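# Examination of the molecular architecture
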Amino acid sequence: MSSCIVVTGLGVVSSLGSDVEQLWSSLLEGRSGISEVESFDTSAYRVHRGGEVRDFQPERYLRHLDPGSMGRASQMAVAAALSAVADAGLRSGGPHDPDPERVGVVMGTTSGEPREVERFNDLLVAEELDRLGPELATRYPNHVIAGQVAAELDLCGPNAMIPTACAAGNYALAYALDTLRCGRADVMLAGGADAFSRITYTGFARLGAIAPERCQPFDRNRQGMIPGEGAAVLVLETEEQARRRGARIYAEVAGYGLSCDAHHMTAAHPEGAGAARALEGALASSGVAAEQIDYVSAHGTGTPTNDKLETMALKRVFGDHATRVPVSSVKSMLGHTMGAASAIEALVCCLAIRDGAVPPTANFEEPDPECDLDIVPNEAREVPVSVAMSNAYAFGGNNASVLFRECVS
Amino acid sequence: MSARRDQVVVTGAGVLSPLGYARAPLFEGLLEGRSGLRPVEGFDTRGLALPRVGELNGDGPEQFLEGRSLRPLDRTGRLAAAAAELVLADSGFRAYYGSDEAESLPAGLVLGTMYGSVRTISEFDRRALTAGPQYTKPFDFANSVINAAAGQAAIWHGLAEINATVAGGTTAGLAALAHAADLLRIGRASALVAGGAEELCFESCWSFSRAGLLAREPEGPGAGTPFHAHRNGFLPGEGAALLMLETVTAARSRGAEILGHLTGSGSSFDPSRGQDGERSATAVRRAILAALKDAGREPADVDGLSTSASGSVAVDRAEALGIAAALGRHAAELPVTAVKGSLGEGLGASGAFQTLALLEAMSAGVLPGIRGLDEPEPELPFRLAGSSAHEGRFRCGLVTSLSWDGHACALVVEGPGEEARS
């Protein structure tokens, strides 16, 4: 059988900091990255809060590309990738640096660079389209984010975007795992990115899915999700290579399960059947029993439907273990960062394994009998984590669960 | 490939192309050198001067989607769902696994795209801008995500397994086939519908025009003609092409007709993103060599080429030079086709059209020529490039694709009678 695939580097841009340790300590402290929306005027909406990234300065990261040549999601993705590569010690100039021809990039996203469409429309509606340059061709197409990452880092390996909406980060991790196992690359940078956008906010507002103040996953009185933004990138490589170059190993990516509800574009299957199949696939492909799972990073958006159906799916697959295992949602603090969400949550799983601590589900007040899980209310918990499951569900009925396991030499 | 377990076969195709709505009319059109390109009709160009485009004819995808409301599906979603309808019929997959009323089919979907939902996301946003956010349409928002077409096709047909959307510039369709083949080989699926779908729309065509990618207007000789000495840009196209990919075990167990094998794939990236033609050519060379190695083949085994050349000056040249660098002198003696001369630049759909052309050539014993190629660029390494078709026995074909901003992908396709080597 092929070698284990391990995570050796993490990088992030988030509303709770663009440094992995800063984000992690903020999550463990239960802090919120939600604030009043500033990037566009929300006066025509009934909701006004979002998880915008405030302190991000792409020029502090990028060394080769001009930040002005790319959209915001690309800027965040490139910054997260540079941080992850540095964290993995990949550009040390040492003899074990991988060949750039064998380093690939795969990124997930929901909307790519929607702000490019917004600018196009602003000018089109104002009948000033002739003021716009070629950006819709150079900065918008669905593949550009992964291309920007590879261009900044001069990487020639397999390069792809897997734009499977809010499950895209996990889909990208699955793609990276297969690419490495098939021997198509030695290192894969995998993650997700999405920029806060008027379009996304409008859509979720129109669906009545946005909570007015706080995101309260699994709470009886939860009122919805809160859109956010960010990027996260993980460095994946074979355990053999990681050990050879003396890299620190966060965790093994042990397996994944993917499925499609084939039911409805925006509503999940009423019994969580697709989500359950993704969980089963992740367990089976990892050779792990449900009872071995120590932590579940929930999709946990805070919408009435998602949290109820995710609970049903966990119970269906985990049985009694579903109510014993700690399950938390960092979306309670970051909001829903769309295609970046499961990449950020993958990072959470890696750090939970490293530190033996799991972040809380913040803003919890009243238990919901339909979500009777141990959701780690409001306070982080110290608990040994050897095996962690990360769930992500998306428009289009996409379900993706990825399993992370402690890597002991 | 360390993780290889099973061979991957093609058991059917679903096609919506500017040359027709099945693999037979598409291939006959290509063989006869017909053009699917004409003045745009399907959308308001708002005064944008466009050259001819490869637009589907008036009876669009809707004719294949009966019995349910089409309202939730945008045009790309309809293209994908209609192509899936055709491939599930052509492969006999639906007939074998279930009736039209079946809840779900044991297959997944891997769909390539380049501009995806750009028309819908733009219209959604414009409505919010002009009428107010409360007047936007929830259906439009559902289709604003890039994977909407894959989701809609899965819902329409009950494709409940893996549902992936793959973006890689104009290589996306080929990248989707390659990804699907990997998933089948390593046992993640036994049947996947894979290929690409792309619609023509104002937003993408405006962006091509603004970026100087289109053939100049008015068109001169060689406009939109792959490898032509006087080419100066591409002509945009649209359509959908999906192949039914199955493990050979699954295909044989249901007695499916096998159209061919996908025996290897490779991809690479040019970090200059097309600014440095040599680096683009190198990416093509690496993708081809990886694909041949994956298939257990040598350059000398290749007997036919299906390229992505579109009439773009630098991209066509880099692809040709990359092919020559990978195959050596053998490249000059190979019959070569380039379907975009007849279909236009179909973006995410193109790779599946290219692959299908080669599979049909294997079955028919003749490879289409390149429409309109009366004067090839003299420096290019293809002695046999021209407008006439090539008769011969094609057993091991190479499909190549290079995107103008850096993605390169290659696929090795072998005939139904060929046993994969490794």
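An account of the accompanying structure is given in this report. (Residues numbered from 1 in each chain as written. Chains lettered and ligands numbered in written order. Predicted model: local features only at pLDDT ≥ 70, side-chain atom pairs only at ≥ 80, totals over all residues. Heavy atoms only, no water.)

## Let's talk about the overall build of chain B
When helices and strands are counted, chain B shows 13 helices and twelve strands. Its C-alpha atoms give chain B a radius of gyration of 20 Å, near enough to 22 Å, the size a compact globule of 422 residues would have. Seen along its three principal axes, the alpha-carbon backbone of chain B occupies a region of about 60 × 55 × 40 Å. Pairs at least 24 residues apart make up 78% of the contacts formed inside chain B by residues separated by at least 6 positions. Carbon and sulfur atoms make up 46% of the accessible area of chain B, which totals about 13,300 Å². When the 37 positive and 49 negative side-chain charges of chain B are each reduced to one mean point, those points stand 4 Å apart. (Helix = DSSP H or I, 4+ residues; strand = E, 2+ residues; numbered from the N terminus. Rg over C-alpha atoms; globule rule 2.2 N^0.38 Å. Contact = heavy atoms within 4.5 Å. Areas by Shrake-Rupley, 256 points an atom, 1.4 Å probe, with all protein chains shown as cover. Lys, Arg positive; Asp, Glu negative; His and termini not counted. Charge placed at Lys NZ, Arg CZ, Asp CG, Glu CD.)

## Re helix α2 (residues 75-90) of chain B
Owing to its 3.6 residues per turn, the α-helix aligns residues three or four sequence positions apart on the same side. Residues and elements named next belong to chain B. Over its 16 residues, α2 runs 22 Å from end to end, which matches the ideal 22 Å to within 8%, given 1.5 Å per residue. For α2, a buried count of twelve out of 16 residues is recorded, marking the element as mostly surrounded by other parts of the structure. What α2 keeps buried is the set T76, G77, R78, L79, A80, A81, A82, A83, A84, L86, V87 and L88. Buried residues along α2 sit against β1 (8-16), α3 (93-97), β2 (108-113), α6 (148-157), β4 (191-198) and β5 (239-247). Measuring from the side-chain oxygen of the N-cap residue of α2 to the backbone nitrogen of T76 gives 3.3 Å; that N-cap residue is D74. Two residues or fewer past α2, G92 is found with a positive phi of approximately 70°. (Expected span 1.5 Å × (residues − 1). Buried < 20%, exposed > 50% of the residue type's maximum accessible area, 1.4 Å probe, protein only. Polar contact = N/O pair within 3.5 Å; in protein donor to acceptor, adjacent residues only side chain to side chain.)

## Considering the pairing of strand β12 (residues 407-414) of chain B
All names here are of chain B. Of all eight residues in β12, eight are buried, a share of seventy percent or more. Going residue by residue along β12, you find H407, C409, L411 and V413 tucked away on one face and A408, A410, V412 and E414 tucked away on the opposite face as well. Sheet analysis places strand β11 (residues 396-402) next to β12, joined by seven bridges and oriented antiparallel. Residue pairing across strands places V399 opposite L411, the latter belonging to β12. Linkage of β11 to β12, two consecutive antiparallel strands, is achieved through a turn of four residues, within which G406 is found at a positive phi near 120°. (Pairing = 2+ DSSP bridges.)

## Brief notes about the nonpolar core
One finds B:L245 and B:L327 to be the most contacted residues of the largest nonpolar core, which totals 187 residues. Ranked by residues supplied to this core, first place goes to helix α12 (residues 341-355) of chain A with ten residues. Both of domain 1 (8-253) and domain 2 (264-414) of chain B provide at least three residues apiece to this core. Once residues lying within four places of it in the same chain are set aside, the contact partners of B:L245 are B:V8, B:V9, B:V10, B:L177, B:A180, B:A181, B:L184, B:S190, B:A191, B:L192, B:A194 and B:L262. A:A79, A:L82, A:V144 and A:A231 belong to the second largest nonpolar core, which has 39 residues in total. (Core = buried A, V, L, I, M, F, W, Y, C linked by side-chain atoms within 4.5 Å. Domains from an automatic or database assignment.)

## Examining the interface of chain A and chain B
You'll often see interface size given as the accessible area lost when the parts meet. Contacts between the two partners involve 76 residues from chain A, matched on the other side by 70 residues from chain B. Carbon and sulfur atoms supply 62% of the area that chain A and chain B bury against each other, a total of about 5,900 Å² over both sides. For the chain A face of the interface with chain B, the top three residues by lost area are A:H143, A:R184 and A:M265, together amounting to 11%. Between chain A and chain B we count five salt bridges in total. (Buried area = accessible area lost by both parts, 1.4 Å probe. Salt bridge = Lys/Arg side-chain N within 4 Å of Asp/Glu carboxyl O.)

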